[in-house]
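# Inside the fold
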Amino acid sequence: MQKKRIRWQSIAPYLFVAPFIISFLVFSLYPFINAVIMSFQQVNGFSDTQWVGLANYRQLFNDGDFYAALWNVLRYTFWTILILIPLPMLVAYIMNQKGLPMKGFFRSVYFVPVLTSSVIAGLIFKYAFSSEKTGVFNEWISHLGIAPVDWLNSSGTAMFALIVIAVWRWLGTNMIYFLSGLQGISPELYESASMDGANGFQKFWYITIPLLKPITIYVLTISIMAGFSMFNESYVYWGAQSPNNVGTTLVTLIYKAAFTNGNFGYSCTLGVALFAIVVVVNIIQTRVMGLFKDEG
Amino acid sequence: MKKNFGKKIGLVLLTALTTIGLAACGNGGSSSSNKTADGKTKMTMWTFVDAQGTFFKNAAKSWNKTHKQKIDLTVNVLPFDQMNQKLTVALQSGSGAPDIADVELGQGAIQLKADKPAYYPLNSALKPYMNNLVKSRLDNFKKNGNYYGLDYHVGTTVTYYNTDIMKAAGVDYTKIKTWDDYEKAGEQVKAKTGKWMNEVEYSAMFQYDAMVTQQHADYIKNDKATLTNAANVRVLTQLQNWIYKDKIARTAVGGSIDNDQFFAEMNKGNVASVTMPSWYMERIADHMPKLKGKIAIAPMPVFNEGDYRSAGGGGTGTMVTNQASNKKLAAKFVVWAKASKGQAVKIWEDLGFDPVRSDIWSEPVMKEDNKYTRYFGKDIFDTFVQLKSQVTSTTKTAKISPDLNDYMLKNTFPSTLLKDKMTPKAALQKANDALNK
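Here the structure is a predicted model, which is why all the values come from computation and not from measurement.

So, about the nonpolar core. The nonpolar side chains of a soluble globular protein tend to be buried with one another. Judged by nonpolar contacts, the single largest core of 70 residues is most densely connected at B:Leu73, B:Tyr160, B:Tyr280, B:Met281, B:Phe333, B:Phe376 and B:Ile380. Here this core gets 9 residues from one element, more than from any other, and that element is helix H13 (residues 327-339) of chain B. Each of domain 1 (41-153 + 314-372) and domain 2 (157-311 + 400-435) of chain B gives at least three residues to this core. The residues contacting B:Met281, other than those within four sequence positions of it, are B:Tyr160, B:Ile297, B:Trp348, B:Gly352, B:Tyr372, B:Phe376, B:Ile380 and B:Phe384. Core analysis: the next-biggest nonpolar cluster, separate from the first, contains 66 residues, A:Leu60, A:Ile85, A:Leu171 and A:Tyr255 among them.

A word on the domain arrangement of chain B. Residue and element names in this part refer to chain B. Under the domain assignment, chain B is made up of domain 1 (41-153 + 314-372) and domain 2 (157-311 + 400-435). Placing the centre of domain 1 and that of domain 2 at their C-alpha centroids yields a distance of 29 Å. Tallying the contact residues gives 11 residues for domain 1 and 9 residues for domain 2. Summing both sides of the interface, domain 1 and domain 2 together bury roughly 740 Å²; the carbon and sulfur share of this comes to 69%. It is Gly314, Lys371 and Tyr372 that lose the most area in domain 1 upon contact with domain 2, and together they represent 44% of the buried surface on that side. We note a salt bridge from Asp286 to Lys371, for which the minimum N-O separation is 3.0 Å. Viewed at the interface, domain 2 and domain 1 are joined by 2 residue pairs in polar contact (both at pLDDT 80 or more). Counted by class, the side of domain 1 that touches domain 2 contains 5 nonpolar, 3 polar and 3 charged residues.

Turning our attention to the interface of chain B and chain A. Of the residues lining the interface, 33 residues belong to chain B; the matching set on chain A comes to 33 residues. Summed over both sides, the interface of chain B with chain A buries roughly 3,000 Å², with 54% coming from carbon and sulfur. Run the count over chain B and chain A and you get 3 salt bridges. For B:Asp406, the salt bridge identified is with A:Lys256, shortest N-O distance 3.0 Å. In this structure, the connection of chain B to chain A is made through 11 residue pairs in polar contact (both at pLDDT 80 or more). Of all the elements in the fold, those that place two or more residues in the side of chain B that touches chain A are helix H1 (2-26), helix H3 (80-93), helix H4 (105-111), helix H11 (260-267) and helix H17 (401-418) of chain B.

A separate point is the packing of helix H11 (residues 213-228) of chain A against helix H14 (residues 264-289) of chain A. Helix-helix packing is characterised by the crossing angle of the two axes and by the distance between the axes. All names here are of chain A. It is the contact of H11 with H14, at a shortest axis distance of 10 Å, that shows an interaxial angle of 160°. Looking at the two axes, H11 sits roughly antiparallel to H14. Helix-helix and strand crossings are classified by hand; for H11 and H14 the assignment is right-handed. Contact with H11, carried on its side by Lys213, Ile217, Leu220, Thr221, Ile224, Met225 and Phe228, involves Leu274, Ile277, Val278, Val281, Asn282, Gln285 and Met289 of H14 and no other residues of that element. The residue makeup of the contact of H11 with H14, split by class, is 10 nonpolar, 3 polar and 1 charged.

Right, let's get into the confidence of the model for chain A. Scored by pLDDT, chain A has a mean of 89; 95% of the residues are at 70 or more. Helix H3 (residues 64-84) of chain A holds the highest mean pLDDT among the elements of chain A, 95, whereas strand S2 (residues 49-51) of chain A holds the lowest, 85.

Moving on, we get to the UniProt feature "transmembrane region" (unreviewed entry) in chain A. Within this structure's numbering, the places UniProt gives as "transmembrane region" (unreviewed entry) are residues 12-33, 76-96, 108-129, 149-171, 204-228 and 264-284 of chain A. The straight-line gap between the two end C-alpha atoms of residues 76-96 of chain A is 29 Å; of that span, 90% is helix and 0% is strand.

Attention shifts here to the packing of aromatic side chains. Residues and elements named next belong to chain A. Taken as a whole, this structure holds 49 aromatic pairs over all chains when the rule is applied. The interplanar angle of 65° and the centroid separation of 5.4 Å between the aromatic rings of Phe129 and Trp151 together place this pair among those described as edge-to-face. Of this pair, Phe129 sits in the loop between helix H6 (118-128) and helix H7 (136-142) while Trp151 sits in the loop between H7 and helix H8 (155-183), placing them 22 residues apart in sequence. A residue is classified by how much of its surface remains accessible, and Phe129, at 1% relative accessible area, is buried. Note on Trp151: relative accessible area 8%, which makes it buried. Ring centres of Tyr255 and Phe259 lie 5.5 Å apart, and the angle between their planes is 45°; on these two criteria the pair is classed as tilted. Note that Tyr255 and Phe259 are positioned in helix H13 (residues 250-260) at a spacing of 4 residues, about one turn of the helix. For the residue pair Tyr255 and Phe259, the accessibility class agrees, reading buried in each case. An aromatic cluster of three or more residues is present, and its members are Phe125, Phe129, Phe137, Trp140, Trp151, Phe160, Trp168, Tyr237 and Trp238.

What counts and what doesn't
Residues numbered from 1 in each chain as written. Chains lettered and ligands numbered in written order. Predicted model: local features only at pLDDT ≥ 70, side-chain atom pairs only at ≥ 80, totals over all residues. Heavy atoms only, no water. Core = buried A, V, L, I, M, F, W, Y, C linked by side-chain atoms within 4.5 Å. Buried < 20%, exposed > 50% of the residue type's maximum accessible area, 1.4 Å probe, protein only. Helix = DSSP H or I, 4+ residues; strand = E, 2+ residues; numbered from the N terminus. Domains from an automatic or database assignment. Contact = heavy atoms within 4.5 Å. Buried area = accessible area lost by both parts, 1.4 Å probe. Salt bridge = Lys/Arg side-chain N within 4 Å of Asp/Glu carboxyl O. Polar contact = N/O pair within 3.5 Å; in protein donor to acceptor, adjacent residues only side chain to side chain. Nonpolar A, V, L, I, M, F, W, Y, C, P; charged D, E, K, R; others polar. Axes fitted to C-alpha atoms, helices over the stretch in contact; angles between N-to-C directions. Parallel < 35°, antiparallel > 145°, perpendicular 65-115°, else oblique. Left-handed = near helix turned anticlockwise from the far one by under 90°. pLDDT = per-residue confidence, 0-100. UniProt positions renumbered as here; feature names shortened; annotations may be inferred. Phe/Tyr/Trp six-rings, centres within 6.5 Å; stacked < 30°, edge-to-face > 60°.

As structure tokens, then:
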């Protein structure tokens, strides 16, 4: 009789990833599937649910707030990407220069905003964007002879206020990503380029940018996700209701449907819609950037 | 062999850790026994105001001195949003909720939207006190004939005048009886001092509510919006005129009268008056130290004769959840903690609220020295007592309430008050159509 031996060697890897897999199944996949199910239901407590078919989705397509929120997050994502990729790349490039004095100090300065809570930062920016002439930003523009602006109550300036806080906050993080990418580029490339007579700009353009592509794709992907799911800053600025929806985001609507309206089914519908939108955008983005294509 | 053994140990540990980790998640809510070793019934309470938590802790101590069934109360104070999210989720999922919870009126509307609210009715516990309680405050938490919460306060709405500004402008605020008088006084204030008579909220609606309900009117009937009635149009027109026609007011700094930026504005002496519920005394006393002794409390001006000179505003009900271990005892305790005579006095002394038990309002104990009598003078309740029978509220707990609130703050106020883009009538018509769709 031969005892069947357990082959520990082959099982071990699965065991090591098990905690992650289990927590993913329990805390991510299960709620996700449930959310999809609930998006077809009217939920009044877990014991009191009703199938309503596509009613929630019909409501979604007729919901003016949804389109307003979608337009807001599209603009927000567009601007954050437009600023938060080139700018941190440039900052990282400068930070990576040999012989830059106080490198450590500057790197920390750029990174510190990331460590503050977005709610606290939001509050401070809210006061800075006060409509009063004593507000920080109104004070600044008063030196240019511009009258006080009611920043948070009109569409363009409200978006500006959201972008400012995003740039302030995420510049440092993205800089770190690019910095780590830069450190992986071999200095020999730059040396040989110098020998061939390339100037600083040419080196940046022909060596740095192409070799940072993987990092750029990563930053772009997380920026799209972060942009579409932005909530904290908007909530601190306006709470759940912003005048004429100037600051409403998709997550604001999800939050509002669930917690100020008690409509969990519709909340899940919005969540599923957000998921679908982000997936589609990311697929387009990866296609355009040529990711997942066979190398060579 | 030895190597294998080490791996087996590793596997066992890993499995154990995972199991423990998962088990810990499922074990949050109810405790195994609901009595302490010395026989007290364990209860937990969630609230979002520190002082209210302390108030209930002390109430439990007093209760234990005089009652047979003793209570061991644990109070958790959580931030407002977080508490409501947790509570909503706990009630929806059927486990993890506290025995007792403080629920703010606006949140209460959401919690009571369900056909079968996840709370225990306080009716029988309220019975002995019923005659002495201000009824409109109970109605805020009423559903299908059941009272699900008992408020801390009545929120008697009054007009607070900055007496320095009034003097400088030569206005006798006691002579302001109607909103017309108020507007004229405002013009005088603006002309003589350059200060604003008022600042108008657009991200909250306390003053709007008070001015609607004082006309014996409402904006919801049978769960339908009735925003187009004359009373609502009158109020919104009045508020818009103050800003854009008479220019005696501007939109409130920070959107409401109840936020830090506005407190600073008022503290600096830039605003001559505000109309707010009684609990605004706390905001004034705590955030506007410069105005000590300079704020007068007077009944609200009216539109027409016969209008109420006050209203009820805001509110937080203490509710017993249907997950409470001993619902009956919890209900009795909650009601006692607010409606018994000694406790009602404590609500004034400790929290600075006008208690829902109003027969004590005219008792001498209400004039005793405390933070508020020192700030506003000893006769605060002399004004409140006159207004006692005039405290009504707009409907806040209908199914449509959260939507109506949302729509007004998002669309109607921004397009009529924040900007002068629509006439009040058109804006209210639009809101009404959208809500009754």
